[in-house]
Amino acid sequence: MAAVSDRLPAFPWDKLEPYKKTAAAHADGIVDLSVGTPVDPVPQLIRQALIDAADSPGYPTVWGTPALRDAITGWVRGRLGASAAEHRNVLPVVGSKELVAWLPTQLGLGAGDKVAYPRLAYPTYEVGARLCGAQAVVYDDPTALDPAGVKLLWLNSPSNPTGQVLPKEELIRIVAWAREHGILVFSDECYLELGWEAEPVSVLHDEVCGGSYEGIVAVHSLSKRSNLAGYRAAFVAGDAAVLGELLEIRKHGGMMTPAPVQAATVAALGDDLHVEEQRRRYAARRAALRTALEAHGFQVEHSEASLYLWVTRDEPCWDTVAHLAERGILVAPGDFYGEAGARHVRVAFTATDERVEAAVKRLG
């Protein structure tokens, strides 16, 4: 067991515990803006769909019900602009983090193979590479990489942690380069519906991929847009050959989305009203926190999309974490996401309106 765990970095969130205790000691309680977990209610129509499907005594299928595949393909066509998507181009997964962590292993990667991801990135991309023994490689521009040995290229737009969005022209350029070199692209687009100052575009959009999904797959989650982090509802869409192989592997592994969650996903993807309501909540919290942080001396960088503000006071990130913890506000240090984040912190705006208001007052 130790041989596998020894490949992995220290679990980053454990390092934040002392600062969490400091923040929790504030007279008015902690304002936790670190992890970015949803706090608003699950929409009623989704809860009802889950309840209606609660009597599910049999095993679900890994590929999902036809109704689920219909819902995913319909959403992919309508929302992502992937007009040619069919059932063979989609696959439900048990939350997107599971998919990210185990994808390189399920693709059969190992020693001698390279997994590339942005220099500032969600830590699980590196974890996935380490789990299978592949080499983790970071980039600023993926097309500047030596393509030799690169088997998997992660894109992340909108970015976690920075909120940066890759323009359509940039996606077109990267996809063309990856195809030229036979590199599989997985694009993590879990924040795509949370664009504020830019309109995120999927790698599956007809104008990006030319209507062909060869060599590209997009990853999507309902955790943020529908408050379903606790449901572990996510899916991938794209290259049918890649997804077909993953389907066979995941059948053997029993990686099945629970039947009630499949039904809830159908309801969530079929309704836009709750997504817009949640966007309005986040937009108001984002505006309040941004104004307060800037007035407190922070500079906000990128942050044109996603659920985070990427900010700096041009000091070591742990100094900033300590400064805010003394005020009862907990944030994520930028070096959780790579050495390039050592002078930034990530501030989530997923807290309740009341807690956001408390943070604003303390920053004032």
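Residues numbered from 1 in each chain as written. Predicted model: local features only at pLDDT ≥ 70, side-chain atom pairs only at ≥ 80, totals over all residues. Heavy atoms only, no water.

Engineer: What should I look at first to understand the environment of Pro-167 in this one?
Structural biologist: Among the secondary structure elements, Pro-167 is positioned in the loop between strand E5 (150-156) and helix H7 (168-180). Residue Pro-167 is classed as partly exposed on the basis of its relative accessible area of 44%. Sequence separation between Pro-167 and Leu-363 is 196 residues, and the spatial gap between their C-alpha atoms is 33 Å. (Helix = DSSP H or I, 4+ residues; strand = E, 2+ residues; numbered from the N terminus. Buried < 20%, exposed > 50% of the residue type's maximum accessible area, 1.4 Å probe, protein only.)

Engineer: Even after reading the chapter, I still don't get the pattern of salt bridges, so can you show me in this structure?
Structural biologist: Note that side chains of opposite charge can pair when their charged atoms are close. The full count for this structure, using the stated rule, is 23 salt bridges. The partner of Lys-251 in a salt bridge is Glu-248, with the nearest N and O atoms 3.3 Å apart. In this pair, Lys-251 and Glu-248 both sit in helix H9 (residues 240-253), 3 residues apart, roughly one turn of the helix. On the basis of relative accessibility, which here comes to 46%, the residue Lys-251 falls in the partly exposed class. Taking the relative accessible area as the measure of exposure, Glu-248 reaches 40% and is therefore partly exposed. The network of salt bridges with shared partners includes Asp-28, Glu-354, Arg-355 and Arg-362. (Salt bridge = Lys/Arg side-chain N within 4 Å of Asp/Glu carboxyl O.)

Engineer: Which parts of the structure should I look at to understand the sheet that holds strand E9 (residues 299-301)?
Structural biologist: By way of backbone hydrogen bonds, the strands of a sheet pair with one another, either parallel or antiparallel. The strand order across the open sheet built from 4 strands is E9-E10-E13-E12, with neighbouring strands paired in antiparallel fashion. At either end of the open sheet lies a strand with only one pairing partner, and these are E9 and strand E12 (332-333). The strands that helix H11 (residues 273-295) touches are E9, strand E10 (308-312) and strand E13 (345-348); relative to E10, the one it contacts most, it runs at about 5°. (Pairing = 2+ DSSP bridges. Contact = heavy atoms within 4.5 Å. Axes fitted to C-alpha atoms, helices over the stretch in contact; angles between N-to-C directions.)

Engineer: Would you explain the sheet that holds strand E7 (residues 216-221) in this entry?
Structural biologist: Sheet architecture is open: 7 strands sit in the order E2-E8-E7-E6-E5-E3-E4, paired in mixed fashion. In the strand order of this sheet, the two ends are held by strand E2 (90-93) and strand E4 (135-139), each with one partner. Direction aside, the axes of adjacent strands within the sheet are offset by 20° on average. Relative to E4, strand E3 (residues 114-118) is paired through 5 bridges, and the arrangement is parallel. Residue Lys-114 lies in a different strand from E4, and its bridge partner there is Gln-135. Across the sheet, H7 lies against E5, strand E6 (184-188) and E7, angled at about 170° from E5, the strand it touches most.

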